[in-house]
Amino acid sequence: QVQLLESGGGLVQAGGSLRLSCAASGRIFSIGTMGWYRQAPGKQRELVATTTSGGTRNYADSVKGRFTISRDSAKNTVYLQMNSLKPEDTAVYYCKTHLLTAATWSDYWGQGTQVTVSS
């Protein structure tokens, strides 16, 4: 059984910073792309950033220059450093990981962590 455990959300003032973490555990043979998505109230879930196993990173235009995604392969963990936060960054943030178990490659989602940015 694979689990993704997220942490690091909270309440912060505009201009502040937060760092999200997502650790994968269980019978994992290999991990591919890891990423962060977010969903604001009344809106669809959207991509924030992804990082491949080879280190290629991709960002939504709205967060470029402010957010940085990174991963620690030894810990099966992906991070999202969020700087210069804006009220429009308020959302539930979800990590998503494409990984190989004994059976197959599949996508797994974390439970979500709330990020609230006050103006």
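The notes below deal with the structure included here. No experiment lies behind these values; they were computed from the predicted model shown.

### Notes on the layout of surface pockets
For the largest pocket, the calculated volume is near 170 Å³. In this structure, the largest pocket is lined by 13 residues; those nearest its centre are Arg 38, Ala 40, Lys 43, Glu 46 and Glu 88. A class-by-class count of the residues in the lining of the largest pocket yields two nonpolar, four polar and seven charged.

### Some details on the packing of aromatic side chains
For the structure shown, the criterion picks out two aromatic pairs. Ring centres 6.5 Å apart and planes at 80° place the aromatic pair Tyr 94 and Trp 109 in the edge-to-face group. Placement of Tyr 94 in strand E9 (residues 91-100) and of Trp 109 in strand E10 (residues 105-109) is noted, with a sequence separation of 15 residues between them. Taken together, the ring pairs in this structure connect Tyr 37, Tyr 94 and Trp 109 into an aromatic cluster. The positively charged end of Arg 45 is found above the aromatic ring belonging to Tyr 94, 3.7 Å away from the centroid. A cation sits over an aromatic face here: Arg 45 above Trp 109, 4.7 Å from the ring centre.

What counts as what
Residues numbered from 1 in each chain as written. Predicted model: local features only at pLDDT ≥ 70, side-chain atom pairs only at ≥ 80, totals over all residues. Heavy atoms only, no water. 1 Å grid on protein atoms, 1.4 Å probe; cavity = no way out; pocket = protein on both sides within 12 Å on 5 of 7 lines; lining within 4 Å. Points joined across faces, edges and corners; volume = space filled by probe spheres on them. Nonpolar A, V, L, I, M, F, W, Y, C, P; charged D, E, K, R; others polar. Phe/Tyr/Trp six-rings, centres within 6.5 Å; stacked < 30°, edge-to-face > 60°. Helix = DSSP H or I, 4+ residues; strand = E, 2+ residues; numbered from the N terminus. Lys NZ or Arg CZ within 6 Å of the ring centre and 35° of its normal.

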